[in-house]
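# Understanding the architecture of this molecule
Listed below, chain by chain, are the residues.
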Amino acid sequence: MGALYLASGIVFATAAVLVLIRLVRGPSILDRMIASDVLLTTVILVLGAEMIIGGHTRTLPIVLVLTGTAVFGSIAVARYVSKHDKPGAGAGDKPGSAAGTADRARGRES
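All of these numbers come straight from a predicted model, not from anything done at the bench.

Cut-offs applied
- Residues numbered from 1 in each chain as written.
- Predicted model: local features only at pLDDT ≥ 70, side-chain atom pairs only at ≥ 80, totals over all residues.
- Heavy atoms only, no water.
- Helix = DSSP H or I, 4+ residues; strand = E, 2+ residues; numbered from the N terminus.
- Buried < 20%, exposed > 50% of the residue type's maximum accessible area, 1.4 Å probe, protein only.
- Contact = heavy atoms within 4.5 Å.
- Areas by Shrake-Rupley, 256 points an atom, 1.4 Å probe, with all protein chains shown as cover.
- Core = buried A, V, L, I, M, F, W, Y, C linked by side-chain atoms within 4.5 Å.
- Patch = residues over 30% accessible without salt bridge, like charges linked within 9 Å, V, L, I, M, F, W, Y side chains within 5 Å.
- Salt bridge = Lys/Arg side-chain N within 4 Å of Asp/Glu carboxyl O.
- pLDDT = per-residue confidence, 0-100.
- Polar contact = N/O pair within 3.5 Å; in protein donor to acceptor, adjacent residues only side chain to side chain.

### Topic: the overall build of the protein chain
- When you go through the protein chain residue by residue, the secondary structure sums to four helices and zero strands.
- Per-residue burial over the protein chain gives 17% buried out of 110 residues.
- Summarising the internal contacts of the protein chain: among those between residues at least 6 apart in sequence, 31% fall at separations of at least 24.
- Element-wise, carbon and sulfur atoms account for 71% of the exposed surface of the protein chain, whose accessible area totals about 7800 Å².

In structure tokens form, the structure reads like this:
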């Protein structure tokens, strides 16, 4: 059993180091977001393995909070990136934006 614990620890540690390298190097925000999701998933798996090995559920609330953080973080970044990836998505595209308000003040409707 000790060899199995050691092997799983090595796999988790290797995954965490590789993910940290990708998190630092990037190059895009999506690469960093995927890396942070994988890192959170690795931490959740480590906590799950620790619960199985220890035969307890004390760290279950931490797992649930980390899971919620990963989900809502992914949603937030996906929404941010999707707004900036639309063609022509500039400051004057929205009716309530500053550029749209300035155009209306000069007599031009957007």
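Having seen the model, we can carry on.
### Details of unusual backbone geometry
- Of note, the bond from Gly26 into Pro27 is cis; its omega dihedral lies within 30 degrees of zero at 5°.
- Tracing the backbone shows Pro27 in the loop between helix 1 (2–25) and helix 2 (29–54).

### A short note on the environment of Val46
- Assignment of secondary structure puts Val46 in helix 2.
- With relative accessibility at 36%, the residue Val46 sits in the partly exposed group.
- Here the alpha-carbon distance between Val46 and Ser8, two residues 38 residues apart in the chain, equals 8.9 Å.

### Points about the nonpolar core
- Membership of the largest hydrophobic core is limited to five residues, which are Ile44, Leu47, Met51, Val63 and Leu66.
- Looking at this core, the elements that each hand over two or more residues are helix 2 and helix 3 (60–85).
- Per-element accounting of this core gives the leading share, three residues, to helix 2.
- Leaving out residues up to four positions away in the same chain, Leu47 has contacts with Thr59, Ile62, Val63 and Leu66.

### Let's talk about a nonpolar patch on the surface
- Among the surface-exposed residues, Met1, Leu4, Tyr5 and Ile53 lie close enough to one another that they form a single nonpolar patch of about 450 Å² accessible area.
- Checked against the element boundaries, Met1 lands in the segment before helix 1.

### A closer look at the confidence of the model for the protein chain
- Residues at a pLDDT of 70 or more form 78% of the protein chain, whose mean pLDDT is 82.
- Considering only residues more than four positions removed or in separate chains, one finds that residues 100–105, a stretch of pLDDT under 50, has eight contacts.

### Comments concerning the environment of Val24
- With respect to the helices and strands, Val24 occurs in helix 1.
- By relative accessible area, Val24 is classed as exposed at 64%.
- Note: C-alpha distance between Val24 and Ala35 (11 residues apart in sequence) is 9.2 Å.

### Here's the deal with the side chain of His56
- Within the fold, His56 resides in the loop between helix 2 and helix 3.
- Judged by its relative accessible area of 14%, His56 is buried.
- Engagement of the side chain of His56 in a polar contact is seen with the side chain of Glu50, the distance being 2.9 Å.
- Beyond its immediate chain neighbours, meaning those up to four positions away, His56 contacts Glu50 and Met51.

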